[in-house]
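Okay, here's what each chain looks like letter by letter:
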Amino acid sequence: QVQLVESGGGLVQAGGSLRLSCAASGRTCSSYTMGWFRQAPGKEREFVGAISWSGSTKYYADSVKGRFTISRENAESMVYLQMNSLKPEDSAVYYCAAKFGTYVYITPDYPYWGQGTQVTVSS
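Draft legend 1. Quick look at the side chain of Asp 90. Summarising the element assignment, Asp 90 is placed in the loop between strand 8 (78-83) and strand 9 (92-100). Here Asp 90 is in contact with Arg 38, Arg 67, Phe 68, Ser 85, Val 119 and Val 121, once residues within four sequence places are set aside.

Draft legend 2. Spatial organisation of the pairing of strand 3 (residues 18-26). Across six bridges, strand 1 (residues 2-7) lies against strand 3 in antiparallel orientation. Counterpart to Val 2 in the pairing with strand 3 is Gly 26.

Draft legend 3. Main features of the sheet that holds strand 3. The strand order 1-3-8-7 describes an open sheet built from four strands, whose pairing is antiparallel. Because the sheet does not close on itself, it has two edges, and the strands there are strand 1 and strand 7 (68-73). Looking at each pair of strands side by side, their axes are set apart by 15° on average, direction ignored. Direction of pairing for strand 7 relative to strand 8: antiparallel, over a ladder of six bridges. Paired with Ser 71 across the two strands is Tyr 80, which belongs to strand 8.

The rules behind the values
Residues numbered from 1 in each chain as written. Predicted model: local features only at pLDDT ≥ 70, side-chain atom pairs only at ≥ 80, totals over all residues. Heavy atoms only, no water. Helix = DSSP H or I, 4+ residues; strand = E, 2+ residues; numbered from the N terminus. Contact = heavy atoms within 4.5 Å. Pairing = 2+ DSSP bridges. Axes fitted to C-alpha atoms, helices over the stretch in contact; angles between N-to-C directions.

Here you go:
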């Protein structure tokens, strides 16, 4: 089992920045691909980005590419999502997810999820 806890959400003005954190515990999280997803009211959960277990491979949704950056610190079992140049359409609940494997997975079939953290971007 892997437990995930997100933090760092909040209210920010358009153009601002936030850094989300995901604390992982349980099984050796360094062996897991970590993903970030988001879900706005009335919309399906969508892929934001993911990072391989080593941190060497990252993949982002086109909507956030160039603005968001994923990183991880395996020694601390932490994953981060740095969000810059935020837009109102980035407003959503953001979820951290974990999946055992060596690839970067972009579909939401991750077995482990956090509870989510709300990000609201005002115009």
